[in-house]
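Now for the letters of each chain:
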Amino acid sequence: MAFWGDYHTHTTYSRKGDKLHAKGSVMQNAEAAAAVGLKELAITDHGFKHVYGVESEDAFYKLTEDCVKAERETGVKIYAGLEHNLDPRSGKSKDISPFIEYLPSVADKLQIVQGGYHALVGTPTVASNIRFWTRNVLFKFLPKKKIIEQNTIAYKRLIDEYPIDFIGHLNRGILADAVEVAKYAHERGVYIELNGRHKSLSENEIKEMVKAGVEFICNSDAHNPNDVGKMTLGEKYIQECGIPYELIANWERLPEFRSNNFKAARQSKNNGAVNNGD
């Protein structure tokens, strides 16, 4: 019994100039995935506006080319994506997009779409950047109902307005009603991630999600090829919270992500395998 896919991994495309946020190339992640028996892998380096994000559209196109080559050489189906950044201010103002840098020019190249909150995101001015991250840093310790409500709305808008396949590390560094968000996501075919590196949900929250039939996706969030396929915290959640394996979308099966981009990419890969006689 095993996980069949890992859909949240990083490579050296997550960087700031010469300073790398993750170690290992696309090929090295793919080789690691093949070594542990994964059938599918996603490369989801940080979005363009993240401090350690993919540096340009051209860099992302190069990433997609690397994915094609690595898939051909390893036999693992590899999806090219980005880890987009949620803008919690969108829960307060309809004029603010839930995604900070979802670019129409690369949208059709995204084979998998995920998003989550990150504090290290560059906004146009220093003042706006401070406002962006302090609202959640401060209220992590002094929670207020209004902030939680606004953040919950932001997550829901993210689900409604973009073809998001799963929410990464829900509530990491941010305060929202995680159970309400998870139920809302489940009703719309969006998975909730059990992140292999970051604990962002309480046991009580997970147990309430399980009662509601929420489906989860376990991912490594690997920043090193050696960690690809390692779902350490996710497996701990499963055991300690009594999550039935039938609610884990990548346990002994392949997840059915909702975005048309992902569906088209998987169909294309499956047709290629058939045409090659595999």
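The structure we're discussing is the one just above.
Residues numbered from 1 in each chain as written. Predicted model: local features only at pLDDT ≥ 70, side-chain atom pairs only at ≥ 80, totals over all residues. Heavy atoms only, no water.

A. Structural detail: the nonpolar core. Core analysis: the largest hydrophobic core is formed by 64 residues, its most contacted members being Tyr155, Phe216 and Ile243. Beyond its immediate chain neighbours, meaning those up to four positions away, Phe216 contacts Tyr191, Ile192, Leu194, Ile206, Met209, Val210, Ile243, Leu247, Ile248 and Ala249. Core analysis: the next-biggest nonpolar cluster, separate from the first, contains 11 residues, Tyr191, Ala249, Phe262 and Ala265 among them. (Core = buried A, V, L, I, M, F, W, Y, C linked by side-chain atoms within 4.5 Å. Buried < 20%, exposed > 50% of the residue type's maximum accessible area, 1.4 Å probe, protein only. Contact = heavy atoms within 4.5 Å.)

B. Layout of helix α5 (residues 145-161). Spanning 17 residues, α5 covers 24 Å between terminal C-alpha atoms, matching the ideal 24 Å at 1.5 Å per step. Along α5, the residues that are buried comprise Ile147, Gln150, Asn151, Thr152, Ala154, Tyr155, Lys156, Arg157, Leu158 and Ile159. (Helix = DSSP H or I, 4+ residues; strand = E, 2+ residues; numbered from the N terminus. Expected span 1.5 Å × (residues − 1).)

C. Main features of the environment of Tyr237. Take Tyr237: it is sitting in helix α8 (residues 232-241). When residues no more than four places from it in sequence are discounted, the contact partners of Tyr237 are Leu194, Lys199, Ser200, Leu201, Ile206, Gly242 and Ile243.

D. Region of interest: the sheet that holds strand β6 (residues 112-116). The sheet built from seven strands is open, its strands ordered β1-β4-β5-β6-β7-β8-β9 with parallel pairing. Of all the strands in the sheet, the pair left with one neighbour each is β1 (5-6) and β9 (216-219). Across two bridges, β1 lies against strand β4 (residues 40-46) in parallel orientation. Across the sheet, the residue bridging to Gly5 is Glu40, located in β4. (Pairing = 2+ DSSP bridges.)

E. Representation of the pattern of salt bridges in the model. What the rule picks out here adds up to 14 salt bridges. Between Lys156 and Glu180 there is a salt bridge, and its shortest N-O distance comes to 2.4 Å. In this pair, Lys156 sits in helix α5 while Glu180 sits in helix α6 (residues 178-187), placing the two residues 24 residues apart along the sequence. Judged by its relative accessible area of 33%, Glu180 falls in the partly exposed class. A salt bridge links Arg157 to Glu161, with the shortest nitrogen-to-oxygen separation between them at 2.7 Å. Linking Arg157 with Glu161, this pair stays in helix α5, spanning four residues, or about one helical turn. Judged by relative accessible area, Arg157 falls into the buried class, the value being 13%. Each of Glu40, Glu256 and Arg266 takes part in salt bridges that share partners, so that together they form one network. (Salt bridge = Lys/Arg side-chain N within 4 Å of Asp/Glu carboxyl O.)

F. Highlighting unusual backbone geometry. You will see that Asp221, though not glycine, has its phi angle at about 55°, which is positive. Among the structural elements, Asp221 can be located in the loop between β9 and α8. One non-glycine residue, Glu252, lies in positive phi territory at about 55°. Mapped onto the elements of the fold, Glu252 is located in the loop between α8 and α9 (260-275).

G. Layout of the side chain of Thr44. On the secondary structure map, Thr44 appears in strand β4. What makes Thr44 buried here is its relative accessible area of 0%. For Thr44, the side chain forms a polar contact with the side chain of Gln114, separated by 3.2 Å. Setting aside chain neighbours within four positions, we find Thr44 in contact with Tyr7, His8, Thr9, His10, Gly81, Leu82, Glu83, Ile112 and Gln114. (Polar contact = N/O pair within 3.5 Å; in protein donor to acceptor, adjacent residues only side chain to side chain.)

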